[in-house]
Amino acid sequence: MTEKDFLLQDEAYARLVAWAERLPHAILLHGPRGVGKLQLAEHFARRMLCESRSTDIQPCGRCNCCNWFLAGNHPDFRLVEPESMARTSASEEGAEEEGGSGGTKRKPSIEIRIEQIRELNDFVHMGSHRGGRRIALIHPAEDMNVPTANALLKNLEEPPPQVVFVLVSHRPARLLPTIRSRCVQVPVAVPGRARASRWLESQGVKDAASWLAFAGGAPLLAIQFAQSELGEKLAAWLRAVERNTPDAIEPGSDREALEPLVDLLQKHALDRALLGFGQASKYGGRLMTGPGPKTHPMPIEWLRYARELGRRRLLARHPLNPRLFAADLLGTYPGVER
Ligand SMILES: [Zn+2]
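The rules behind the values
Residues numbered from 1 in each chain as written. Predicted model: local features only at pLDDT ≥ 70, side-chain atom pairs only at ≥ 80, totals over all residues. Heavy atoms only, no water. Core = buried A, V, L, I, M, F, W, Y, C linked by side-chain atoms within 4.5 Å. Buried < 20%, exposed > 50% of the residue type's maximum accessible area, 1.4 Å probe, protein only. Domains from an automatic or database assignment. Contact = heavy atoms within 4.5 Å. pLDDT = per-residue confidence, 0-100. Helix = DSSP H or I, 4+ residues; strand = E, 2+ residues; numbered from the N terminus. Polar contact = N/O pair within 3.5 Å; in protein donor to acceptor, adjacent residues only side chain to side chain. Donors = N, O, S within 2.8 Å, 3.2 Å for Na, K, Ca; no water. Tetrahedral: all angles 85-135°; square planar, octahedral: opposite > 155°, others 65-115°. Pairing = 2+ DSSP bridges. Axes fitted to C-alpha atoms, helices over the stretch in contact; angles between N-to-C directions. Arc of directions from axis to C-beta. Expected span 1.5 Å × (residues − 1). Salt bridge = Lys/Arg side-chain N within 4 Å of Asp/Glu carboxyl O.

Enquirer: What is the right way to read the nonpolar core from this model?
Expert: For soluble globular proteins, the rule of thumb is that nonpolar side chains tend to be buried together. Counting residues in hydrophobic clusters, the biggest one holds 69 residues, and the most contacted among them are Leu29 and Leu265. Composition of this core by domain shows at least three residues from each of domain 1 (3-187) and domain 2 (228-331). Ignoring any residue separated from it by four or fewer positions in sequence, one finds Leu29 in contact with Leu16, Lys37, Leu40, Ala41, Val166, Leu167, Val168, Ser169, Val186 and Val188. Formed by 23 residues, the second largest nonpolar core is a distinct cluster that contains Leu120, Ala136, Val163 and Cys183.

Enquirer: In this structure, what is going on with the confidence of the model for the protein chain? I would like to understand it.
Expert: In low-pLDDT regions, the fine details of the predicted coordinates are not to be read closely. Counting all residues, the mean pLDDT for the protein chain is 86, and 90% of those residues have values of 70 or more. Residue range residues 89-103 is modelled with pLDDT below 50. Its contacts to residues more than four positions away, or to other chains, number 10 contacts.

Enquirer: Mind showing me how you'd approach the side chain of Gln9 here?
Expert: With respect to the helices and strands, the residue Gln9 is situated in the segment before helix 1 (10-17). Given the relative accessible area of 7%, Gln9 is considered buried. At 2.8 Å, the side chain of Gln9 and the backbone oxygen of Ala189 are in polar contact.

Enquirer: I tried to follow the coordination of the zinc ion on my own but got confused; where do I start?
Expert: For a metal with four tetrahedral donors the ideal donor-metal-donor angle is 109.5 degrees, while six octahedral donors give ideal angles of 90 or 180 degrees. Coordination sphere of the zinc ion, protein contribution only: Cys50 (SG), Cys60 (SG), Cys63 (SG) and Cys66 (SG), at 2.3 to 2.4 Å. For the zinc ion, the 4 donor atoms in the first shell make angles of 103 to 115° at the metal, so the coordination geometry reads as tetrahedral. Read N to C, the donor residues that coordinate the zinc ion are spaced as C-x9-C-x2-C-x2-C. Looking at Cys63, the relative accessible area reads 14%, which means it is buried. Classification of Cys66 by relative accessible area gives buried; the value is 0%.

Enquirer: What is the right way to read the sheet that holds strand 3 (residues 134-138) from this model?
Expert: Sheet strands line up and pair through hydrogen bonds in the backbone, either parallel or antiparallel. Pairing is parallel in the open sheet, where 5 strands are placed in the order 2-3-4-1-5. Edge positions in the sheet fall to strand 2 (77-80) and strand 5 (184-187), since each has one partner strand and no second. Neighbour-to-neighbour, the strand axes of the sheet open up by a mean angle of 15°, direction not taken into account. Inspection of the sheet shows strand 1 (residues 26-30) paired to strand 4 (residues 163-169) by 5 bridges, in the parallel sense. Looking at strand 4, one finds that Leu28 is bridged to Leu167.

Enquirer: Can you help me understand helix 1 in this one?
Expert: Because each turn of an α-helix spans 3.6 residues, side chains separated by three or four positions in sequence point in the same direction. Along helix 1, the residues that are buried comprise Ala12, Tyr13, Leu16 and Val17. One side of helix 1 holds all its buried residues, which, seen down the axis, span an arc of 135°. For helix 1, the elements touching its buried residues are strand 1, helix 2 (37-49) and strand 5.

Enquirer: Hey, could you run me through unusual backbone geometry in this one?
Expert: What you tend to see is this: most non-glycine residues have negative phi, and most peptide bonds are trans. Cis peptide bonds are those with omega within 30 degrees of zero, and the linkage from His139 to Pro140 qualifies with -15°. Topologically, Pro140 is positioned in the loop between strand 3 and helix 6 (146-157). Backbone geometry at Asp207 places phi at a positive 60°, although glycine is not the residue there. Tracing the chain through its elements places Asp207 in the loop between helix 8 (193-202) and helix 9 (208-214).

Enquirer: Could you clarify how one ought to interpret helix 5 (residues 114-125) in this entry?
Expert: Taking 1.5 Å of rise per residue, 12 residues should cover 16 Å, and helix 5 covers 17 Å from first to last C-alpha, within 8% of that figure. Contacts from the buried residues of helix 5 go to strand 2, strand 3, helix 6 and strand 4.

Enquirer: Sorry, what's going on with the pattern of salt bridges here?
Expert: Should their charged atoms come close, side chains of opposite charge can pair. The tally for this structure, following the rule as stated, stands at 12 salt bridges. Among the ionic pairs, Arg33 bridges to Glu259, the shortest N-O distance being 3.7 Å. Of this pair, Arg33 sits in the loop between strand 1 and helix 2 while Glu259 sits in helix 12 (residues 258-276), and the two are 226 residues apart along the sequence. Each of the salt bridges in this network shares a partner with another, and the network as a whole consists of Glu308, Arg311, Arg312 and Asp328.

So this is what it looks like as structure tokens:
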């Protein structure tokens, strides 16, 4: 196994591969954001399609199937993601085609579109190219509206032979109950700190331990923070509200930063609340940047703020006005004087 293949979720992987002879037709991998669920799902799909006869639990990395998979063109595999996440240019072209009047480009969808599920339905009903399994990976599965989810459900209810659906979800509670009940659920936990740090170092991340702490233990979030301006920006915002200087923050119209900001503030507030109530902190208090606001908000205030952020989480994806949204989040931070 190369460093590129270094798996964050080796235990969950071993569990999945152990099912190889009698795979469920639908599997739901769920767990916190940034812990390696997609990496796990892709590695597992690659192993299930690998044509090596070896009993090794890892894909061989040499057969045609492994090569196609790594090149992103295995004929018996489909990855369905919202256009806004797509790594391939094909779907971007698709998004431009239906650009509406006057040739204006349509924005890439942040949800999985029903057309994508219809295409997937064609794929699963087509014969296998290699005479074996076909695998459909849907990520993140909660990013489907009800009609889209229902289009998928038909296939989960009457699965074509030799087809395996792998659904990946950060928020399984948002899936249709009928979808959840058709899947064998596999929880995916935050990986151990040592493993996560080793993985981050293998990816060339400097200061891996601090970024991992800042990301609440989620290594993919940590790498995103470390390798973009986002991490520094969020850390600076957090310091500013703690010092009661939210006006020093210029949120701009940076939509990309809003969801991670809500996530970070919520974890942070929850930890402060737990510590305030004399309990162990969930994120190890490692997110905290300093002693906290001078006004020492009561634990109940932190809890209320954390709950309020939970409510606003959904709005963070498409706020009417990103600047106002961020200003409001930061301005209502406990201890900030208004
Ligand atoms: Zn192979």
